[in-house]
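Structural overview for review
For reference, the chains in residue letters:
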Amino acid sequence: MFVKKLKPAPLANEGLRPEERELFCDAAPTSYKGATKIVEDFYNWARAQSLWILGFGTGCGAIELRPLMTSRFDMYRYGIQARPTPRQSSVFVIGGYASVKTLKRIVRSYEQMMGPKFVVALGSCTINGGMYWDSYNTIKRIDQYIPVDVYIAGCMPRPEALLAGFQELKRIIRAGGAEGQNEYAINFDWYKANQKKVIKNWDMPDYSW
Amino acid sequence: MEPTLLARVGYAFISLFVITNYGLLLIGSMARISAKVQGRVGQPVYQPYLDIVKSSAKRNSIGHGVMFYLGPVFRLAGGIGTFMFIPAVYDSVMFRNFSDAGDLLLVMYFIFFGQLGMALGAGEGGHPYSAIGVSRGLAQMTAFEVPFALSIVAIVIQYGTLDITAIVAAQQGGFLNWTVATNPLAVVAALIAFLGMSMHNPFSVVIAPQEIPIGPPTEYQSNLLGMLQTNRAIFNGAKLVLYMNLYFGGATNLAMMVVKTFLIYFINVFVGQSFPRLRTDQSIRFFLGVPTLIGIASVIIAAI
């Protein structure tokens, strides 16, 4: 499936001050092999039924996430919950446009999540920049910076569209197609180069584990 | 015939298996009942199982040192230890666990042992929100322990023993022999303490579900979180069984155990859905106020 070409080479962490460098990991992420097919299918079934969203609002679209918790939309019945910490969550919802400043937080949060991790990008802005297509400080396509599993188009997509997007994500997970974590590890250099191209003041570790 | 030690260990495993599954289903069903109160459909009853499988099936995990790994182990040891020294079903060979080997004081120690171990582990995680959660948890625990301990003192005076099996035995023979009928003040104090112990609303600020500080387990993930989730079920079951034994006459069969513990747990949901959350300082003031006075009154009444 995936070719393991990246060895855990020391990352320089050059954005950090020398005394801070040893506090952070200096190895690149590696890709993970799944268990045997039948076990992995069972795991994927459980993963699809228990989606924990990282509760960060990274753009204006995050406001469409809140109604999902209410009685009207009730995301809990699909096994979807919000978790406040990236360590425990498995789905990262990019809530619309991402400014360069937000992208730093997105990258750090994404890297801190435990795999397998899934990304749902919400709104036109994450696909092609949307109405911010010519803005100097927003990025155009989120999947050049982190791997994305599902896009939900619209400006803004309604909560119903979000729920439909989550159903699609579940289908992909159950089919074993949501391997964003491995994709990120394999193409780590490419993603990092893209990130560093737009984030001029890179003052964070090269990989937040 | 007295079973051999090996058979008793085997029975203990069966008992633990039953209480784990019962605890998980209880958490699932109570979440669903809460959802109905809020006019929602709610998560499936089996959702806690899925969450544990999901957490345990994570492909990578992060550690912060030896104590970080030991935190969930201590927590789980606290949960299993609490349950192992309580008879789940009175007069049952299979479900009496090792209740003859330890008494009420040991069980009370085990209830708090897990939390202290977790505090050490979460502290090593280094996340400031863990420290906030731990300090809130320990502060609230110190407060609700006062009415709980007073209530225990009252029933120990009343029955003249620390042996849980003997306390259950003294309550057999009908509803009027239960502690809830013979010493209602002690039961009221203990049930209020139970609300704090279960960390449901209005005393849920410690774990603060779904907010930025999720409490002590902020930094826990993957299989460590799976362990904590499993422990939650065991610990809930153990506390419910303890309350049933001390205050509601115990159970003579598994079905009665299920009915009684379900109703005791339901108090949490009933109160939790009716009252908003208190801040930590408010809950400390609350526990050290009226519930403590009720506890003192129950001790005085039991003594005279």
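Numbering of residues starts from 1 in each chain and follows the order in which that chain's sequence is written. Lettering for chains starts from A, numbering for ligands starts from 1, and both go in the order in which the items are written. A pLDDT threshold of at least 70 governs which residues receive local features in this predicted model, and a stricter bar of 80 or more applies before side-chain atom pairs are shown or counted, although totals over entire chains, interfaces and linings include all residues.

1. Points about the overall build of chain A
- Counting from the N terminus, the helices are DSSP H or I runs at least four residues long and the strands are E runs at least two residues long. The helix and strand inventory of chain A stands at seven helices and five strands.
- What you see for chain A is a C-alpha radius of gyration of 17 Å, in line with the 17 Å of a compact globule of 209 residues.
- Seen along its three principal axes, the alpha-carbon backbone of chain A occupies a region of about 50 × 45 × 25 Å.
- Here exposure depends only on C-beta density: within 10 Å of a residue's C-beta, 20 or more other C-beta atoms make it buried, 12 or fewer make it exposed, and intermediate numbers make it partly exposed, the C-beta atoms being placed from the backbone. In chain A, which comprises 209 residues, the share counted as buried stands at 46%. Here the radius of gyration uses the C-alpha set of atoms, whereas the globule reference equals 2.2 Å times the residue count to the power 0.38.

2. Considerations on the pairing of strand β1 (residues 51–54) of chain A
Residues and elements named next belong to chain A.
- Residues of β1 alternate between two faces, with Leu51 and Ile53 on one and Trp52 and Leu54 on the opposite face, all of them buried.
- Two strands qualify as a pair provided that DSSP identifies no fewer than 2 bridges between them. Note: β1 against strand β2 (residues 80–83), four bridges, orientation parallel. Following the sheet pairing, Leu51 is matched in β2 by Ile80.

3. Comments concerning unusual backbone geometry
- For the bond running from A:Cys155 to A:Met156, omega is -10°, close enough to zero to count as cis.
- Tracing the backbone through its elements, the reader meets A:Met156 in the loop between β5 (150–152) and α5 (159–174).
- Backbone torsion omega between B:Asn201 and B:Pro202 reads -5°, so that peptide bond is classified as cis.
- Among the secondary structure elements, B:Pro202 is positioned in the loop between α8 (184–198) and α9 (222–247).
- A positive phi angle, near 55°, is found at B:Asn97, a position not held by glycine.
- Secondary-structure assignment places B:Asn97 in the loop between α3 (66–84) and α4 (104–125).
- Its 24 C-beta neighbours within 10 Å are what place B:Asn97 among the buried residues.
- The phi dihedral of B:Met199 is positive, around 55°, even though this residue is not glycine.

4. Topic: the interface of chain B and chain A
- Between chain B and chain A, the contact holds 27 residues from the first and 21 residues from the second.
- Among the elements of the structure, α2 (47–56) and α9 of chain B are those that each provide at least two residues to the side of chain B that touches chain A.
- Examining the composition of the side of chain B that touches chain A, we find that five residues originate from one element, α2(B), more than from any other.
- A per-class count over the side of chain B that touches chain A returns nine nonpolar, eleven polar and seven charged. Note on contacts: residues are paired as contacts if their backbone-placed C-beta atoms lie within 7 Å. Gly is placed with the polar residues, together with every amino acid not listed as nonpolar (Ala, Val, Leu, Ile, Met, Phe, Trp, Tyr, Cys and Pro) or charged (Asp, Glu, Lys and Arg).

5. Brief notes about helix α10 (residues 254–274) of chain B
All names here are of chain B.
- Multiplying 1.5 Å by the residue count of a helix minus one yields the expected span of that helix. For α10, built from 21 residues, the straight-helix expectation of 30 Å at 1.5 Å per residue is met to within 8% by its first-to-last C-alpha distance of 30 Å.
- Where α10 is concerned, the buried positions are Met257, Lys260, Thr261, Ile264, Tyr265, Asn268 and Gly272.
- In this fold, the buried residues of α10 make contact with α1 (5–37), α8 and α9.

6. Here's the deal with the packing of helix α5 (residues 128–159) of chain B against helix α12 (residues 290–303) of chain B
All names here are of chain B.
- Taken N-terminus to C-terminus, the directions of α5 and α12 make an angle of 10°; their axes are 8 Å apart at the nearest point. Put simply, α5 runs roughly parallel to α12. Where α5 approaches α12, its residues Val146, Pro147, Leu150, Ser151, Val153, Ala154, Ile157 and Gln158 are matched on the opposing element by Pro291, Thr292, Ile294, Gly295, Ile296, Ser298, Val299, Ala302 and Ala303. In this analysis, axes come from line fits to C-alpha atoms, helices being fitted only over the stretch in contact, and the angle between any two N-to-C directions falls in the range 0 to 180 degrees. Throughout this description, any angle smaller than 35 degrees is read as roughly parallel, any larger than 145 degrees as roughly antiparallel, any in the 65 to 115 degree range as roughly perpendicular, and the remainder as oblique.

7. Digging into the packing of α9(B) against α10(B)
Residues and elements named next belong to chain B.
- Taken N-terminus to C-terminus, the directions of α9 and α10 make an angle of 105°; their axes are 9 Å apart at the nearest point. The angle between α9 and α10 places the two elements in the roughly perpendicular class. Facing α9, whose interface residues are Leu240, Val241, Tyr243 and Met244, α10 presents Met257, Lys260, Thr261, Ile264 and Tyr265.
- Partitioned by chemical class, the residues of the contact of α9 with α10 number seven nonpolar, one polar and one charged.

8. A few points about α2(B)
- All buried positions along α2(B) are accounted for by B:Gln47, B:Pro48, B:Asp51, B:Ile52, B:Lys54 and B:Ser55. Buried residues of α2(B) fall within an arc of 165° about the axis and therefore sit on the same side.
- Looking at the buried positions of α2(B), the neighbouring elements they touch are α2 (37–49) of chain A together with α1 and α9 of chain B. What the arc measures is the spread of directions leading from the helix axis to the C-beta atoms.

9. Re the pairing of strand β3 (residues 91–95) of chain A
Residue and element names in this part refer to chain A.
- With five of five residues buried, β3 is to be regarded as a mostly interior element.
- Because side chains alternate across β3, one face comprises the buried residues Val91, Val93 and Gly95, and the other comprises Phe92 and Ile94, equally buried.
- The pairing of β3 with strand β4 (residues 118–122) spans five bridges and is classified as parallel. The partner of Gly95 across the bridge, within β4, is Leu122.
- When the strands point away from the viewer, a crossover counts as right-handed if the path from the first strand over the helix to the second runs clockwise. Each parallel crossover has a hand, and for β3 linked through helix α3 (residues 100–112) to β4 it is right-handed.

10. Concerning the confidence of the model for chain B
- When pLDDT is averaged across chain B, the result is 90; 98% of the residues are at 70 or more.
- Here the complex is predicted with pTM 0.91, and the ipTM for its interfaces comes to 0.89. Per residue, pLDDT measures the predictor's confidence, with a range of 0 to 100.

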